[in-house]
Amino acid sequence: MKFGIISTANIAQKALIPAMKRAENAEVVAIASGSDQAEEVAAELDIPKAYSRYEDVLENSEVDAVYIPLPNHLHKEWVFKAAEAGKHILCEKPAGLNAQEMIEMEEVCQKYGVTFMEAFMYQFHKQHDRVKELIQDGEIGDVTLMRASFSFPLRNPEGNIRVDASKGGGSLYDVGSYCLHTFHNILDEKVANVFVQGDVSSQFHVDMSARGLVNMENGVPAMFDCGFETEMHHEYEVVGTHGSIKVPRAYRPDAFGHEGHVIVEKGGVTRDERVMSDQYKEEVEHFVEAVTEGKSPRNTYERSKHMMAVIDACYESMNSQKVVEVDQ
């Protein structure tokens, strides 16, 4: 499958384009930049076509699918344009700014018969399949609690889109979304309600950190924290009646040579398991297989709509300081 890249965003240059080159079923044939970087990036990454307009990627008849790593507030606009051009779409998370945007994106993608997938890359690392297998096998008994954290230090925030309120900035959108997605993914349950507190910057007017209590529909409670103001940590823990499972490299195992780490603690005994998996490469290959085989991708429309509804509820709770039910 031939990909066009809409933006020279860092995530595209450092992660997705290299992953597409490692993938068995994908290649990158075009890239566009709105900041005159396309030719330089194309030369560096050996991409045949470079454009100064995003529209040129969509008009390239060679391009089968696009990857959209644009700022959050532009996702809906370019998903619409890509769908209308008949291009399949791999779109960075979060899918949009709210659940209504995701509903509209689903409608336009289905209208034009293109496949859409929100790019929560972490879920394609096999360490998470191992965690689900351990839970299903009763390794830790019945699940009674889940915790997740994802934070990193944003050293020089000025000018960074992550703190630009007009572009969908904020730690909840950027890293908290991973924690919330993990609860749904690992427990295979929807979120029922949330109570969230956030630290909103008086300078940037976005949440620089957030923490919340989440109740899943099956009654299991979960807790998360996220932010831009602490050292890098990305982990989750599933606690059960007979033990616990910790995943200390939950979201960026690629920083450890793609090696995942699963720690099972049970009856005073600790067992370490190491799992190798190239999450970005496997994400790309899965997306291409979903398109070519006419299957729904792992990250379905329903899951993406639910995640956006959960984020909506989190921001409502942050503003109201009340428990908010998630619109199902």
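Residues numbered from 1 in each chain as written. Predicted model: local features only at pLDDT ≥ 70, side-chain atom pairs only at ≥ 80, totals over all residues. Heavy atoms only, no water.

## Remarks on the overall build of the chain
Heads up, the condition is: Put simply, DSSP H or I for four residues or longer makes a helix, DSSP E for two residues or longer makes a strand, and each gets a number counted from the N terminus. The buried label goes to any residue with under 20% of its type's maximum accessible area, the exposed label to any with over 50%, and the partly exposed label to all in between, with areas taken from a 1.4 Å probe on protein chains only. In this analysis, two residues are considered to be in contact whenever any of their non-hydrogen atoms come within 4.5 Å of each other. For accessible areas, the Shrake-Rupley method is used with a probe of radius 1.4 Å. Any residue's cover is judged against the shown protein chains and nothing else.
A count of helices and strands for the chain gives nine helices and 15 strands. Judged by the C-alpha coordinates and their principal axes, the chain covers about 60 × 45 × 40 Å. Within the chain, the proportion of its 328 residues that are buried is 58%. Of the contacts formed within the chain by residues at least 6 apart in sequence, a portion of 68% connects residues at least 24 apart. A total accessible area of about 13,800 Å² is found for the chain, and carbon and sulfur atoms account for 45% of it.

## Brief notes about the pattern of salt bridges
For the record, the criterion: Throughout this description, the term salt bridge denotes a Lys or Arg side-chain nitrogen within 4 Å of a carboxyl oxygen of Asp or Glu.
Under the criterion given, the structure shown has 27 salt bridges. With a closest N to O distance of 3.5 Å, lysine 2 and glutamate 27 form a salt bridge. Residue lysine 2 is found in strand E1 (residues 2-6), and its partner glutamate 27 is found in strand E2 (residues 27-32); the two are separated by 25 residues along the sequence. The class of lysine 2 is partly exposed, set by a relative accessible area of 28%. Its salt-bridge partner being arginine 53, residue glutamate 59 comes within 3.7 Å of it at the nearest N-O pair. Judged by its relative accessible area of 57%, glutamate 59 falls in the exposed class.

## Some remarks on the pairing of strand E13 (residues 259-266)
Cut-off, in case you're wondering: A pair of strands counts as paired when DSSP detects no fewer than two bridges linking them.
The pairing of strand E12 (residues 244-247) with E13 spans three bridges and is antiparallel. Bridging across to E13, lysine 246 finds its partner in isoleucine 263. Here E13 folds back onto strand E14 (residues 269-276), and the loop between the two strands holds two residues, one of which, glycine 267, carries a positive phi near 60°.

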